[in-house]
Number of protein chains: 2
Amino acid sequence: MEENIFFDYASTTPCCTAALEAIQEFSVKKFGNPSSKHSFGNMANTAIKEARLFFADIFNTQPEQILFTGSGSEANNLALYGICLDYLSKNLKNTFNSPPRILVSSIEHPSVKQTALSLSPYGIDVQCIPVNKNGQIKLEQFMDLITPQTLLVSIHQVNNIIGSLLPVEELARIAKTKCPSLIFHTDAVQAFGKVQTARAPSTLDLTKIDLVSLSAHKIEGPKGVGALIVLNEKLLHSGLRPLIWGGGQEQGFRSGTQNPGLISAFKIASQKAVAEQDQVTRHTLALRNYLLASLKNKKLLTANLDSPLRLNSPLDTQISVPHIINLSAPGFPSGPWAKLLEEKNCIVSTGSACGSRKEESDEVLLAIGLSPKNQASQAIRISFSMRNTLQEIDILTNAIESTLNQMARLA
Amino acid sequence: MEENIFFDYASTTPCCTAALEAIQEFSVKKFGNPSSKHSFGNMANTAIKEARLFFADIFNTQPEQILFTGSGSEANNLALYGICLDYLSKNLKNTFNSPPRILVSSIEHPSVKQTALSLSPYGIDVQCIPVNKNGQIKLEQFMDLITPQTLLVSIHQVNNIIGSLLPVEELARIAKTKCPSLIFHTDAVQAFGKVQTARAPSTLDLTKIDLVSLSAHKIEGPKGVGALIVLNEKLLHSGLRPLIWGGGQEQGFRSGTQNPGLISAFKIASQKAVAEQDQVTRHTLALRNYLLASLKNKKLLTANLDSPLRLNSPLDTQISVPHIINLSAPGFPSGPWAKLLEEKNCIVSTGSACGSRKEESDEVLLAIGLSPKNQASQAIRISFSMRNTLQEIDILTNAIESTLNQMARLA
């Protein structure tokens, strides 16, 4: 049996060797609880301190502005619930004639969108910001949605389904020009290590991004660790409430015994990702260009209305990342198509793999204007890493061609 | 240099070999995202399903009643916030003339006690239940605190500072007799794998424990994974709100990409702990008895008022676990004492290591009646596992004797 080729690196990645070594080291030899005061605890705590220093350097913050969490989803929840529960804890008696508002883009990951919607029963007015076919914020509607009651805006930097890249720093500036008191959060889980992410300003600047979410397992770190970077250090003192209470780890914002191995592994994977960022961009861009050229050569992707494939991702490198490509095969549902591709050893995704094994991509594809009956449920996502090769793209292109033929025969 | 001897297994444990192997396997080879629908996802998801089945068998539940979390603290927060935020989401407009009440014992771990207190600003009436010198609930006061408005009672099964064992099933029955609608939660983090924990009743019984929290790293599993066991399956449908929203993992109660390696490792460690439970009890009881006999032999622990040491833990096996022993050295602060013991290669704890590197034990010791100036800040915790030997107890006893002499000379 031939080996499967993985084209789903936007869903997750294997741990790099050095990251795994850190996990092993802190599981057995240096197994102390980082909160213990003895030498076993100190060894564990030192590793966490080093990781905090590393990320503080990357994000131009103080170490205490780095809050390690159990996942990117938890970081997003800490941002949204942290801001809103803090507000509610101080304003419970208010009748909310003008309810506090939060805005999220209509193509956010569920850990932002569902989290935002879950705040409605507490009197929060949750609004989704429309996007265009490239997954870019519609600016006029965005401006109209920003009111003086706007507590929080959350817009991701890179969309996980179609790979659109959003100018989050510019969007933060625009939003804060209209409502200076709002908090701007960006989910950078799909962006970190792939494109430049926001850093804290060197001088006081109130038009900047306040909170950034990260996850380790998208960049060859382990599952089970993420971070919320508090670029606006004032939030450490007021305005952000913990999501998990207890022993006071992570500056009181995320209690629970930390795993120093997972946190060290996150640091190690991030060092590698940041160092290799340009190389990865060049490599995945070359893979994307080669894939699209090959599909065009085979007349599978044409400019005509009857093109066997349609591209759902933007291509301009100013508004997209090269490692995520979304394609529809009009007339053919994505589930069986992906299964046929897997029979030919090509592993692609039909959804975002963000949860509960159901399709999460449909909502995003509908938001960028795809029709519900056709393209949205017929889309697959191909996503690359440094581990993919041009030879693998040849195999993928051939597999796409023959599966389209198979499905056409069956239809 | 001689090797340090670890007497702080209540704070954490190293991973057992089989648990580490599972972590390695799912970090690299079987690295898929458990929510992905392809074979890589299926491999990862199968491991999680197997773990869920294992715990369901242990707790006499259906697999969906097992909710894996990122820590024991998170499980406790999911229980407390899950119940209270659900109530608030349905009762925001109420003026709370009779505010909803939650009760926690006064010696709970901070991930229960601090979490409970953090709910006050939302109009929840939080009350602490007094305990006696053995860390047992004062029943009369407990009954008086239970009102018809009581939403939730949370009482741990084993205290992490002094090792008291509480009759939580009996306490649940008593509490529900007075207020049948209340939810009873128990933090079993220090109990699971050491003593029998609550299981779901085979037939409908409304007087039972509803929610149980677990953690992996106390029983030779990894840090970064725990579970909330929903013994009362009705809570899956109504009454418990997620703490982390998003992709809908863990039946929607804990979104975020799961780490199948951590979850498998938790299963493997639990299998071992449950299988060896009686053996561990006999072994740690033998260690405790030998330690106390040795200290008595050396006249360090006497019945007299001028005994160099005082025992803060109960000894009756009906109301204590043998692996946690708390001792005070009146007149000598615990910090320097623990440091001196470490110089003699004995690693003990001055607090619970539950967080933020500050003393958490004081509050518990004050609650069981120790005086603030004397014993509370002079206590150390010694905690055993199967890894400790009688020879190590000899070294510890000699170290205690000589450090007490050292401190007496310095004083």
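Residues numbered from 1 in each chain as written. Chains lettered and ligands numbered in written order. Predicted model: local features only at pLDDT ≥ 70, side-chain atom pairs only at ≥ 80, totals over all residues. Heavy atoms only, no water.

Trainee: Sorry if this is basic, but what is going on with the overall build of chain A here?
Mentor: Looking only at helices and strands, one finds 11 helices and 12 strands in chain A. Against the 2.2 N^0.38 benchmark of 22 Å for 411 residues, chain A shows a C-alpha radius of gyration of 22 Å, consistent with a compact globule. Considering chain A as a whole, with its 411 residues, one finds that 64% of them fall into the buried category. Summing over all exposed atoms, chain A offers an accessible surface of approximately 14,900 Å²; the carbon and sulfur share of this is 52%. Between the mean site of the 38 positive side-chain charges and the mean site of the 35 negative ones, chain A shows a separation of 2 Å. (Helix = DSSP H or I, 4+ residues; strand = E, 2+ residues; numbered from the N terminus. Rg over C-alpha atoms; globule rule 2.2 N^0.38 Å. Buried < 20%, exposed > 50% of the residue type's maximum accessible area, 1.4 Å probe, protein only. Areas by Shrake-Rupley, 256 points an atom, 1.4 Å probe, with all protein chains shown as cover. Lys, Arg positive; Asp, Glu negative; His and termini not counted. Charge placed at Lys NZ, Arg CZ, Asp CG, Glu CD.)

Trainee: In this structure, what is going on with the packing of aromatic side chains? I would like to understand it.
Mentor: Centre distance and the angle of the planes are the two values used to describe a pair of aromatic rings. Inspection of every chain in the model, using the stated rule, returns 22 aromatic pairs over all chains. Aromatic side chains phenylalanine 6 of chain A and tyrosine 9 of chain A sit 4.9 Å apart centroid to centroid with 75° between the ring planes, which places their arrangement in the edge-to-face category. For phenylalanine 6 of chain A, a relative accessible area of 5% gives the class buried. Here phenylalanine 7 of chain B and phenylalanine 384 of chain B contribute two aromatic rings whose centre-to-centre distance is 6.3 Å and whose plane-to-plane angle is 75°, an arrangement assigned as edge-to-face. Placement of phenylalanine 7 of chain B in the loop between strand 1 (5-6) and helix 1 (17-27) and of phenylalanine 384 of chain B in the loop between strand 12 (379-383) and helix 11 (390-410) is noted, with a sequence separation of 377 residues between them. Each member of the pair, phenylalanine 7 of chain B together with phenylalanine 384 of chain B, is buried. One aromatic cluster in this structure is built from Phe54, Phe55, Phe59, Phe68, Phe192 and Phe266 of chain A. (Phe/Tyr/Trp six-rings, centres within 6.5 Å; stacked < 30°, edge-to-face > 60°.)

Trainee: Help me out: how do you make sense of the confidence of the model for chain A in this one?
Mentor: When pLDDT is averaged along chain A, the result is 94, and 95% of the positions lie at 70 or above. Across the predicted assembly, pTM comes out at 0.96 and ipTM at 0.96. (pLDDT = per-residue confidence, 0-100.)

Trainee: Explanation requested: the pattern of salt bridges in the structure shown.
Mentor: Pairs may arise between side chains of opposite charge once their charged atoms sit close together. Residues and elements named next belong to chain B. Within the structure shown, the criterion is met by 26 salt bridges over all chains. For glutamate 220, the salt bridge goes to lysine 272, with nearest N and O atoms at 3.4 Å. Here the residue glutamate 220 occupies a position in the loop between strand 7 (211-215) and strand 8 (226-230), and lysine 272 occupies one in helix 7 (residues 260-275), the gap between them amounting to 52 residues. For glutamate 401, the salt bridge goes to lysine 298, with nearest N and O atoms at 3.0 Å. Remark: lysine 298 occurs in the loop between helix 8 (277-297) and strand 9 (310-311) and glutamate 401 occurs in helix 11; sequence separation between them is 103 residues. On the accessibility criterion, glutamate 401 (26% relative accessible area) is partly exposed. (Salt bridge = Lys/Arg side-chain N within 4 Å of Asp/Glu carboxyl O.)

Trainee: Teacher, can you tell me more about the side chain of glutamine 249 of chain B here?
Mentor: Residues and elements named next belong to chain B. Secondary-structure assignment places glutamine 249 in the loop between strand 8 and helix 7. Within the structure, the side chain of glutamine 249 is placed 3.4 Å from the side chain of serine 35, a separation counted as a polar contact. A distance of 3.0 Å separates a polar side-chain atom of glutamine 249 from the backbone nitrogen of glycine 256. (Polar contact = N/O pair within 3.5 Å; in protein donor to acceptor, adjacent residues only side chain to side chain.)

Trainee: How should the packing of helix 1 (residues 17-27) of chain A against helix 1 of chain B be read in this particular structure?
Mentor: Packed helices, taken two at a time, are described by the angle between their axes plus the distance between the axes. For the pair helix 1 of chain A and helix 1 of chain B, interaxial distance at closest approach is 11 Å and the crossing angle is 170°. It follows that helix 1 of chain A is roughly antiparallel to helix 1 of chain B by the angle criterion. On helix 1 of chain B, the residues that touch Leu20, Ile23, Gln24 and Ser27 of chain A of helix 1 of chain A are Leu20, Ile23, Gln24 and Ser27 of chain B. Counted by class, the contact of helix 1 of chain A with helix 1 of chain B contains 4 nonpolar, 4 polar and no charged residues. (Axes fitted to C-alpha atoms, helices over the stretch in contact; angles between N-to-C directions. Parallel < 35°, antiparallel > 145°, perpendicular 65-115°, else oblique. Contact = heavy atoms within 4.5 Å. Nonpolar A, V, L, I, M, F, W, Y, C, P; charged D, E, K, R; others polar.)

Trainee: Honestly, the sheet that holds strand 12 (residues 379-383) of chain A in this entry has me stumped. Any pointers?
Mentor: What holds strands together in a sheet is hydrogen bonding between their backbones, with the strands either parallel or antiparallel. All names here are of chain A. Pairing is antiparallel in the open sheet, where 3 strands are placed in the order 9-10-12. Each end of this open sheet is capped by a strand with a single partner; those strands are strand 9 (310-311) and strand 12. Two elements, strand 9 and strand 10 (residues 324-328), share 2 bridges in a ladder whose sense is antiparallel. Bridged to arginine 310 within strand 10 is serine 328. Against the sheet, helix 9 (residues 334-343) contacts strand 10 and strand 12, and its axis sits at roughly 40° relative to strand 12. (Pairing = 2+ DSSP bridges.)

Trainee: What exactly am I supposed to notice about the relation of the copies chain B and chain A here?
Mentor: Turning one copy of the chain about an axis and sliding it along that axis gives the other copy, so a rotation and a shift relate them. Of the two same-sequence chains, chain B is brought onto chain A (RMSD 0.0 Å, axial shift 0.0 Å) by a rotation of 180°. The superposition of one copy onto the other is thereby described by a two-fold rotation axis. Across chain B, the smallest distance between a C-alpha and the rotation axis is recorded for glycine 70 of chain B, namely 2.9 Å. (Least-squares fit on C-alpha atoms with pLDDT ≥ 70 in both.)

Trainee: Quick question: what am I supposed to make of the environment of phenylalanine 142 of chain B here?
Mentor: Residues and elements named next belong to chain B. Within the secondary structure, phenylalanine 142 is located in helix 5 (residues 139-145). A relative accessible area of 0% means that phenylalanine 142 is categorised as buried. Spatially, the C-alpha atoms of phenylalanine 142 and valine 131 are 9.2 Å apart, while their sequence positions differ by 11 residues. Ignoring anything within four residues of it in the chain, the contact list for phenylalanine 142 reads Leu103, Ile129, Ile137, Val153, Ile155, Leu171 and Ala175.

Trainee: Please clarify how the pairing of strand 7 (residues 211-215) of chain A should be interpreted in this entry.
Mentor: Residue and element names in this part refer to chain A. The buried fraction of strand 7 amounts to 5 of the 5 residues, a majority that puts the element mostly inside the structure. Both faces of strand 7 are covered, namely the face carrying Leu211, Ser213 and Ser215 and the face carrying Val212 and Leu214. Examined bridge by bridge, strand 6 (residues 183-187) and strand 7 share 3 bridges and lie parallel to one another. Paired with histidine 185 across the strands is leucine 211, a residue of strand 7. Bridge count between strand 7 and strand 8 (residues 226-230): 5 bridges; the pairing is antiparallel. Residue valine 212 lies in a different strand from strand 8, and its bridge partner there is isoleucine 229.

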